[in-house]
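Single-letter residue listing:
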Amino acid sequence: MGRAQYILTIRVPLICDLLVMTKLPPSVRFWQRGWHNANHVLLLGGEGPVLVDTGGDEDGAVLLKMMQAEGVAAAALRLIVNTHAHWDHCGGNQAIQAASGAPIAANPLAAAWFAQQERYLTWLDYFAVPFTYTPAGLIWQDGDEVQLGELVWQVIAIPGHAPDAIALYQPEHKLLISADALHLNDCGIINVAVHGWEALDAAAATTARLQQLEIALALPGHGPLITDAAASLERIASMLAGFRADPEKLHRHLVRRVFIATLLGQQPISRSALLAWMLHLPWTSDYLPTTGYPNAAAQLHDLLHTFIQQGIVIEQNGLLTCTVPR
Ligand SMILES: [Zn+2]
C-alpha cells in the first residue's frame, strides 16, 4: 500500500468532511476517532439514544464527554451496539454501561465470545491486549430489522475482517454503518493466521453483498465518512483478489496496520522496547519476515524507518509516537 493511500485513510477532519456531515439526517451523529478508538455513531430520537461502538479506551471518559457535548446524558442512553468483538470497538462497553445501564447488542458469535471471555479469536491474545468483555443482552441476526433512534435499520452480517461482524443499513436514507468491512478505499485487515484463508473468501463475499446495496453515505469503523462507497468497494474487491493471488500483499497490508495499532497502544516508547515488544507477539512470527528480509527484526526496523520517513511515526528524545489519530 503506497503512502498516499495510507495518508488518505488517516487524515484529520477537513472542511469537506464537515460538508459531508451535513448529508447525514439530523438524528444520526458520526464521530470520527482514530485507529486505537474506532469511530462512534449516535442515533437519536425514537425511544432514546443508541450508541454504535464504544472505542478502545476502557475508561470511556472521552466518549462520555462527547455524548454530553451532544446533550446526551449517559443515563439517557437506551442501547449500546457493538459491530464486532474487537477491543477498539467495544473497549468502552464497561464504562459506558456502568454510566448508563444500557444493554449491549451484538451478533450471536460476538455475544458468545463476550460470555466466554474469548481471547484468541477476538485477537486479544494475538496482540497481547489486556481486556475484560461485558456480556451482550440482545442478540441480533442477519436480516433483523431494528428501531434505532428515529430510524429502522437492517442488520447485515459482514464476515471477513471479523467472523462476528455486523453492519447496519438504513434503506430510506441509504446509509450504511459499515464497521471494518468498508473504510475509505480500504478494509480492515484479514487475519488468515487466526481465521484461515476462508476469511478472505468471506471478505470477498461481504464486499460483493455490500456492492448490491444502494449507499449514499457509508459510516465506517475507522477513517472519514464515505460518499462514493461504490468506488471504495470496487477498490476493496480488487485488493482482496490481489491478496488471493499474492499472499505477500495480504501480509504487507496487515503488518503496516498492526504495527501502527501496536504503537498507538504502547506510545511513547523507545525504539528498542517497541521492537522487543512486537517480536514476542504472535503476528510477527505469523506474518514476518516476508520476502527479501533475513529475519522479522530486520523487517520491523525497515518498516519503522519508512514510517518515520513518511512522517507517520516521529522519534523525539528517544521515544516513538504516532502522528496517526489515536
Ligand atoms: Zn475490527
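Computed from a prediction, not measured in an experiment: that's the story for all the values here. (Residues numbered from 1 in each chain as written. Predicted model: local features only at pLDDT ≥ 70, side-chain atom pairs only at ≥ 80, totals over all residues. Heavy atoms only, no water.)

## What to know about the pairing of strand E10 (residues 175–179)
Our working rule: Buried residues are those whose accessible area, probed at 1.4 Å on protein chains only, stays under 20% of the maximum for their type, while exposed residues exceed 50% and partly exposed ones sit between those limits. Helix numbering and strand numbering both begin at the N terminus, where a helix is a DSSP run of H or I of at least 4 residues and a strand a DSSP run of E of at least 2. Here, a strand pair is defined by DSSP locating no fewer than two bridges between the strands.
For E10, a buried count of five out of five residues is recorded, marking the element as mostly surrounded by other parts of the structure. In E10, alternate side chains face the same way, and those of Leu175, Ile177 and Ala179 on one face and Leu176 and Ser178 on the other are all buried. Across three bridges, strand E9 (residues 166–170) lies against E10 in antiparallel orientation. When the sheet's bridge partners are listed, glutamine 170 is paired in E10 with leucine 175. Joining the antiparallel neighbours E9 and E10 is a turn of four residues, in which lysine 174 adopts a positive phi near 55°.

## Here's the deal with the pattern of salt bridges
To be explicit about the condition: Salt bridges are counted wherever a side-chain nitrogen of Lys or Arg sits within 4 Å of a carboxyl oxygen of Asp or Glu.
Overall, the coordinates contain seven salt bridges when judged by the stated rule. Taking the shortest distance from any N to any O, the salt bridge between arginine 29 and glutamate 70 comes out at 2.1 Å. With arginine 29 in strand E1 (residues 28–31) and glutamate 70 in the loop between helix H3 (61–69) and strand E4 (79–81), this residue pair connects regions lying 41 residues apart in the sequence. The class for arginine 29 is partly exposed, based on a relative accessible area of 27%. Of the charged contacts in the structure, one is a salt bridge between arginine 326 and aspartate 57, with a shortest N-O distance of 2.8 Å. Placement of the pair is arginine 326 in the segment after strand E13 (319–322) and aspartate 57 in the loop between strand E3 (50–52) and H3, with a sequence separation of 269 residues.

## Overview of helix H6 (residues 108–116)
Our working rule: The arc in question is traced by the directions running from the helix axis to the C-beta atoms. The contact criterion used is simple: two residues touch if any of their non-hydrogen atoms lie within 4.5 Å. In protein, a polar contact requires one atom able to donate a hydrogen and another able to accept it; more generally it is a pair of N or O atoms within 3.5 Å, and residues adjacent in sequence count only if both atoms are side-chain atoms.
Among the residues making up H6, those that are buried are Ala110, Ala111, Trp113 and Phe114. With its buried residues spanning 165° around the axis, H6 presents them on a single face. H6 presents Ala115 and Gln116 as exposed residues on the side facing more than 90 degrees away from its buried surface. Of the surrounding secondary structure, the elements contacted by the buried residues of H6 are helix H4 (87–90), strand E5 (104–106) and strand E6 (138–139). For H6, the N-terminal cap is asparagine 107; the gap from its side-chain oxygen to the backbone nitrogen of leucine 109 is 2.7 Å. Downstream of H6 by a residue or two, glutamine 117 has a phi angle that is positive, lying close to 55°.

## Section: unusual backbone geometry
The omega angle of the peptide bond from glutamine 267 to proline 268 is -5°, so this bond is cis rather than trans. With respect to the helices and strands, proline 268 occurs in the loop between helix H10 (247–266) and helix H11 (271–279). One non-glycine residue, glutamine 117, adopts positive backbone phi at about 55°. Examined against the element boundaries, glutamine 117 turns out to sit in the loop between H6 and E6. Phi at alanine 128 is positive, roughly 55°, even though this residue is not glycine.

## Describing the domain arrangement of the protein chain
Cut-off, in case you're wondering: Residue ranges for the domains originate in an automatic or database domain assignment. Accessible area that two parts lose when put together, with a 1.4 Å probe and added across both, is what the buried area reports.
Domain boundaries assigned for the protein chain yield domain 1 (13–245) and domain 2 (249–322). Distance from the C-alpha centre of domain 1 to the C-alpha centre of domain 2: 26 Å. Listed as interface residues are 18 residues of domain 1 and, on the opposing side, 14 residues of domain 2. Buried surface at the junction of domain 1 and domain 2, both sides included, amounts to about 1400 Å², of which 72% is carbon and sulfur. At the junction of domain 1 with domain 2, the criterion picks out one salt bridge.

## A closer look at the nonpolar core
The nonpolar side chains of a soluble globular protein tend to be buried with one another. Rules: Residues belong to one nonpolar core when they are buried, are Ala, Val, Leu, Ile, Met, Phe, Trp, Tyr or Cys, and are joined through side-chain atoms within 4.5 Å.
With 82 residues, the main nonpolar core has Phe259, Ile260, Trp283 and Val313 as its most contacted residues. With eight residues, the top contributor of residues to this core is H10. Residues from two domains meet in this core; each of domain 1 (13–245) and domain 2 (249–322) gives at least three. Judged by nonpolar contacts, the second largest core, of 23 residues, contains Leu24, Leu79, Leu148 and Leu175.

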